[in-house]
Amino acid sequence: MNKIGLENVLARFKELAKLTDEEASAYTPTVKSAKAYFERLLLREPTEGDEASLCEYACAAKAFFDYTVLIAAIPTTAAGLTGGVFTKISQNATVINAERVMKAAFSALPVGLIRDDGFVFECTEG
């Protein structure tokens with residue numbers, strides 16, 4: 001699957017996450033993992049041009065979703081105006097929006113390019 005360039009996926013991930021080059025480099029393993037996951041979903045090799053570009057964006061969207069889940073899991077400690085200390089977990093809205101971006105990127109792919117990664121209940125035998 002050499003038509004999906006890691007550098008392009010990293011660049012798109014950096015844009016989605018609004019990270020600097022240095023910050024984004026810390027998440028290179030996350031991006032590589034998302035790319036490997038996406039490549040397992042491929043039913044065929046994407047064609048050069050639009051399909052490859054859409055695949056790179058979908059990989060970056062998956063990496064962005066994984067990144068937001070990681071960030072949401074990291075508690076932050078802060079002090080209030082009254083001097084109290086509290087721990088806050090990131091808003092779930094960010095994770096929900098990242099999931100929407102990922103699903104939109106996947107739905108923009110041509111039919112027959114990737115397999116469905118969700119569970120679909122097909123039938124039962126009675």
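Residues numbered from 1 in each chain as written. Predicted model: local features only at pLDDT ≥ 70, side-chain atom pairs only at ≥ 80, totals over all residues. Heavy atoms only, no water.

Participant: Quick one: what's the story with the overall build of the protein chain, residue by residue and with numbers?
Facilitator: If you tally the helices and strands in the protein chain, you get five helices and two strands. Within the protein chain, contacts between residues at least 6 apart in sequence are counted, and of these 72% link residues at least 24 apart. Total accessible area computed for the protein chain in this model is approximately 8,100 Å², and 56% of it derives from carbon and sulfur atoms. (Helix = DSSP H or I, 4+ residues; strand = E, 2+ residues; numbered from the N terminus. Contact = heavy atoms within 4.5 Å. Areas by Shrake-Rupley, 256 points an atom, 1.4 Å probe, with all protein chains shown as cover.)

Participant: Give a detailed account of the confidence of the model for the protein chain, specifying residues and quantitative values.
Facilitator: Within the protein chain, residue pLDDT values average 83, and 77% of them lie at 70 or more. Within the protein chain, the element-level pLDDT minimum falls on strand E2 (residues 85-88), averaging 53, and the maximum on helix H1 (residues 6-17), averaging 96. (pLDDT = per-residue confidence, 0-100.)

Participant: Pulling in residues and values, what's your account of unusual backbone geometry?
Facilitator: A positive phi angle, near 55°, is found at Lys 18, a position not held by glycine. With respect to the helices and strands, the residue Lys 18 is situated in the loop between H1 and helix H2 (21-25).

Participant: Break down the nonpolar core for me, with residues and values.
Facilitator: Among the nonpolar cores identified, the biggest contains 31 residues, and Phe 13, Phe 38 and Ile 114 are the most heavily contacted of them. Counting residues per element, the ones that place at least two in this core are H1, helix H3 (28-41), helix H4 (50-73) and helix H5 (92-107). In terms of residues, this core owes the most to one element, H4, which gives ten residues. Contact partners of Ile 114, with chain neighbours within four places excluded, come to Phe 38, Leu 41, Leu 42, Leu 43, Phe 106 and Leu 109. (Core = buried A, V, L, I, M, F, W, Y, C linked by side-chain atoms within 4.5 Å. Buried < 20%, exposed > 50% of the residue type's maximum accessible area, 1.4 Å probe, protein only.)

Participant: For the environment of Ala 60, give the residues involved together with the corresponding values.
Facilitator: Along the chain, the position of Ala 60 falls in helix H4. According to the relative accessible area criterion, Ala 60 is buried, its value standing at 0%. In the structure, Ala 60 is positioned 47 residues away from Phe 13 in sequence and 4.6 Å away in space, judged by C-alpha atoms. Filtering out sequence-adjacent residues up to four positions away, Ala 60 remains in contact with Val 9, Arg 12, Phe 13 and Leu 16.

Participant: Which residues make up the pattern of salt bridges, and what values do they have?
Facilitator: Under the definition given, this model contains five salt bridges. Its salt-bridge partner being Lys 35, residue Glu 39 comes within 2.7 Å of it at the nearest N-O pair. Of the two residues, Glu 39 and Lys 35 are both situated in helix H3; the distance of four residues between them amounts to about one turn of the helix. Lys 35 gets classed as buried once you look at its relative accessible area, which sits at 14%. The shortest N-O distance in the salt bridge between Arg 44 and Glu 51 comes to 2.9 Å. (Salt bridge = Lys/Arg side-chain N within 4 Å of Asp/Glu carboxyl O.)

Participant: Any chance you could break down the packing of H3 against H4 for me, citing the residues and the numbers?
Facilitator: Across the interface, H3 lies against H4 with an axial gap of 8 Å and an inter-helix angle of 125°. Of the possible angle classes, the one that applies to H3 and H4 is oblique. Regarding H3 and H4, the two cross each other, and that crossing is right-handed. Here Thr 30, Val 31, Ala 34, Lys 35, Tyr 37 and Phe 38 of H3 lie close against H4, whose contacting residues are Cys 55, Ala 58, Cys 59, Lys 62, Ala 63, Asp 66, Tyr 67 and Leu 70. Across the contact of H3 with H4, the residue classes tally to ten nonpolar, one polar and three charged. (Axes fitted to C-alpha atoms, helices over the stretch in contact; angles between N-to-C directions. Parallel < 35°, antiparallel > 145°, perpendicular 65-115°, else oblique. Left-handed = near helix turned anticlockwise from the far one by under 90°. Nonpolar A, V, L, I, M, F, W, Y, C, P; charged D, E, K, R; others polar.)

Participant: Before we move on, could you go through H5 and cite the residues and values that matter?
Facilitator: In a regular helix each residue adds 1.5 Å, so 16 residues correspond to 22 Å; H5 covers 22 Å between its end C-alpha atoms and thus fits that length. Taken residue by residue, H5 has Val 95, Ala 98, Met 102, Ala 105 and Phe 106 as its buried positions. Relative to the axis of H5, the buried residues are bounded by an arc of 100° and lie together on one face. The exposed set on the far side of H5, more than 90 degrees from its buried face, consists of Arg 100, Lys 103 and Ser 107. On its buried face, H5 sits against H3 and H4. (Expected span 1.5 Å × (residues − 1). Arc of directions from axis to C-beta.)

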